[in-house]
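# Structure at a glance
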Amino acid sequence: MNQNKTLLFASASVITLGATMAFAQETLAPLANGFPAQPIVLMVIDSPGSADSVYASQIAEAASKLSPQPVIVEHREDFTNFGTWEGIAWIKDQGEIASEGYINYVLTIPDAMVDMAAIDIQTMTGMTVDDLNPITATERVPFFLIQRSDAPWGDTLDDFVTYAKANPGTVRHITGGAGGGMDAAMRFWLGNLGITVTDVIGGNPTERALAVASGEGDITASPPDVLGPHYDAGKVELLLGAGADAFPTPWEAVVPSESRFDKADPFSQTRTIATSPDVAAEQRDWLYTLFSQAAQSPAFVEQRSKVTALKLVDLDPAEAKELAMYGLDVTVTMFKELGIYWGDQ
């Protein structure tokens, strides 16, 4: 795949948050085969109230206004840390109701693809990358590199790089360990900046951000909803964020990663809706139209505008799969160089 950042996502539409849009809210006609003839399930492989859960509830509400059948949200909390792939396996096992496109699920990419580089997912779950069948990706939330506010090197990315290069291994990186999207993002950034740090295992994203805010660590990767309270309290500073675009106030001075690197940075949370791998293209394309239009409805756009630094996008099935595979390619290459790719162990 071409890794030129000017070409990646070139065909994907970007929807400006808060823009005035002409939107005709008309119910989609069913397909000639009658699909959908019953409610459409949107499964969240997480707890009620999580970021994926809120997103699913909002887009299901918007989609239900356009669909001849309601879109209902169901939660599954009983999978492990590699729940996306376990969830796909479970969906496939549901038979005809799944293969006809009635059970869909939310995931973020490339996070789910990082699993494939960290562990033998096929042996664990029976799933491969061929089982990922995206319908659409509708939004992107960047990860940010944050530091404790009293760091000895200063408060800019250049200050940090200069210090870390002069003092290799002294910066404490709070991480959840190899295999997570945020850890992969940090490894991608540090590798491109030419920096060596010391990894300290620090629990879940909330615990890791707290460790940095309290001075128990120096840096970590974090999404806006997790880092926000610590930033507002003056305990952390943002040095770098994933992507090519400038960030909103008050983060306009944060460096976009692609302004420093000569390759596209896939390490944002690109929120995606996918379906069973055996769903026919006709049904999947109908679902793309449904969720794509729902994501462009004024009410949904207004709801999502409340998420800091979020950008609405419109990736079709092929574009979403391309992004997933790019994220996997980048991660496998990076993990091989670091000696942590599972296939080389």
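Presented here is a report on the structure given in the accompanying data block. (Residues numbered from 1 in each chain as written. Predicted model: local features only at pLDDT ≥ 70, side-chain atom pairs only at ≥ 80, totals over all residues. Heavy atoms only, no water.)

## Focus on the nonpolar core
Under the convention used in this document: Only buried residues count toward a nonpolar core, which is a set of Ala, Val, Leu, Ile, Met, Phe, Trp, Tyr and Cys residues joined through side-chain atoms within 4.5 Å. The buried label applies to any residue whose accessible area, calculated with a 1.4 Å probe on protein chains only, is under 20% of its type's maximum; exposed applies above 50%, and partly exposed to all values in between. Each helix corresponds to a stretch of at least 4 residues labelled H or I by DSSP, and each strand to a stretch of at least 2 residues labelled E; elements are numbered beginning at the N terminus. When checking whether two residues touch, look at their non-hydrogen atoms; a contact exists if any pair is within 4.5 Å.
Counting 62 residues, the largest nonpolar core has Trp85, Tyr105, Phe160 and Trp189 as its most contacted members. Counting residues per element, this core draws most heavily on helix 12 (residues 317–338), which supplies nine residues. Beyond its immediate chain neighbours, meaning those up to four positions away, Tyr105 contacts Leu42, Met43, Ile45, Thr84, Ile88, Ile91, Leu132, Asn133, Thr272, Ile273, Ala274 and Thr275. Within the second largest apolar cluster, 30 residues are counted, among which are Leu42, Tyr55, Trp286 and Leu312.

## As for empty space enclosed by the protein
Inclusion rule: A pocket, in this scheme, is an open set of points on a 1 Å grid over the protein atoms alone with protein on both sides within 12 Å along at least 5 of 7 lines, while a cavity is a set where a 1.4 Å probe fits but cannot get out; residues line either one if an atom lies within 4 Å of a point. Grid points are joined across faces, edges and corners, and a volume is the space filled by probe spheres set on the points. Any residue that is not Ala, Val, Leu, Ile, Met, Phe, Trp, Tyr, Cys, Pro, Asp, Glu, Lys or Arg is counted as polar, Gly included; the first ten are nonpolar and the last four charged.
Applying the stated criterion across every chain yields a total of one cavity of 30 Å³ or more. Empty space within the largest cavity amounts to approximately 30 Å³. For the lining of the largest cavity, the secondary-structure elements that each account for two or more residues are strand 7 (172–175), helix 7 (181–193) and strand 9 (219–222). Class assignment for the residues of the lining of the largest cavity results in four nonpolar, four polar and two charged.

## Here's the deal with the packing of aromatic side chains
Basically, it comes down to this: Aromatic rings from Phe, Tyr and Trp, taking only the six-membered ring of Trp, are treated as a pair when their centres fall within 6.5 Å; an angle between ring planes under 30 degrees marks them as stacked, one over 60 as edge-to-face, and anything in between as tilted.
If you walk through the whole model with that rule in mind, you get eleven aromatic pairs. Pairing Phe35 with Tyr102 gives two aromatic rings, centres 5.0 Å apart and planes at 55°, and the pair type is tilted. One end of the pair, Phe35, is in the loop between strand 1 (13–15) and strand 2 (40–44); the other, Tyr102, is in the loop between helix 3 (96–99) and strand 4 (103–109), with 67 residues separating them in the sequence. For Phe35, a relative accessible area of 3% corresponds to the buried category.

## Considerations on the pattern of salt bridges
What counts here: The rule for a salt bridge is simple: a side-chain nitrogen of Lys or Arg has to be within 4 Å of a carboxyl oxygen of Asp or Glu.
Under the definition given, this model contains 15 salt bridges. For Asp218, the salt bridge identified is with Arg148, shortest N-O distance 2.6 Å. Of the two residues, Asp218 is situated in the loop between helix 8 (205–213) and strand 9 and Arg148 in strand 6 (residues 144–148); the sequence distance between them amounts to 70 residues. The same class applies to Asp218 as to Arg148, namely buried. Salt-bridge contacts for Asp158 lead to Arg260; the nearest nitrogen and oxygen are separated by 3.0 Å. Here Asp158, found in helix 6 (residues 157–166), pairs with Arg260, found in the loop between strand 11 (255–256) and strand 12 (268–275); they are 102 residues apart in sequence, far enough to count as distant.

## Topic: unusual backbone geometry
Here Phe35 and Pro36 are connected by a cis peptide whose omega angle stands at 0°. With respect to the helices and strands, Pro36 occurs in the loop between strand 1 and strand 2. Residue Thr249 is joined to Pro250 through a cis peptide bond whose omega torsion reads 10°. Tracing the backbone shows Pro250 in the loop between strand 10 (236–241) and strand 11. You will see that Ala309, though not glycine, has its phi angle at about 70°, which is positive. Within the secondary structure, Ala309 is located in the loop between helix 11 (298–304) and strand 13 (311–315).

## Topic: the layout of surface pockets
By volume, the largest pocket amounts to about 1300 Å³. Forming the walls of the largest pocket are 39 residues, and the residues nearest its centre are Asp46, Asn81, Asp111, Met182 and Pro205. Those elements that place two or more of their residues in the lining of the largest pocket are helix 1 (51–64), helix 2 (83–92), strand 4, helix 4 (111–118), helix 7, helix 8, helix 9 (224–232) and strand 12. Classifying every residue of the lining of the largest pocket by side-chain character gives twelve nonpolar, 16 polar and eleven charged.

## Overview of the packing of helix 1 against helix 10 (residues 281–295)
Selection criterion: Each axis is a line fitted through C-alpha atoms, and for a helix only the stretch in contact is used; angles between axes span 0 to 180 degrees, taken between their N-to-C directions. Just so you know how the angles are binned, under 35 degrees is roughly parallel, over 145 roughly antiparallel, 65 to 115 roughly perpendicular, and the rest oblique.
It is at 8 Å that the axes of helix 1 and helix 10 come closest, and there the two elements cross at 110°. Between helix 1 and helix 10, the angle falls in the class roughly perpendicular. For the pair formed by helix 1 and helix 10, the contact residues are Ile59, Ala62 and Ala63 on the first element and Leu290, Phe291, Ala294 and Ala295 on the second. Counted by class, the contact of helix 1 with helix 10 contains seven nonpolar, no polar and no charged residues.

## Comments concerning the side chain of Asn133
Assignment of secondary structure puts Asn133 in strand 5 (residues 133–142). Those residues in contact with Asn133 that sit more than four places away from it in its chain are Tyr105, Ala274, Thr275, Ser276, Pro277, Val279 and Arg284.

## What about the pairing of strand 10?
Cut-off, in case you're wondering: At least two bridges found by DSSP between two strands are what make those strands a pair.
Within strand 10, five of the six residues are buried, which leaves it mostly tucked inside the rest of the structure. Sheet topology note: the strand 6/strand 10 ladder contains five bridges and is antiparallel. The residue bridging Phe144 from the neighbouring strand is Gly241, located in strand 10. Direction of pairing for strand 10 relative to strand 11: parallel, over a ladder of two bridges. Pairing of Gly241 across the sheet is with Pro256, part of strand 11.

## Quick notes on helix 7
Our working definition: In a helix, the anticipated span is given by 1.5 Å times the number of residues less one.
Counted at 1.5 Å a residue, the expected span for helix 7 with its 13 residues is 18 Å, and the 18 Å between its end C-alpha atoms agrees. Residues of helix 7 that are buried: Gly181, Met182, Asp183, Ala184, Ala185, Met186, Arg187, Phe188, Trp189, Leu190 and Leu193. Gly194 lies just past helix 7 and shows a positive phi near 75°.

## Description of the pairing of strand 9
On strand 9, burial covers both faces: Ile219 and Ala221 on one face and Thr220 and Ser222 on the other are all buried. Note that strand 6 and strand 9 share four bridges and pair antiparallel. Bridging across to strand 9, Leu145 finds its partner in Ala221.

Fair warning: the whole summary comes from geometry, so function is off the table for now.
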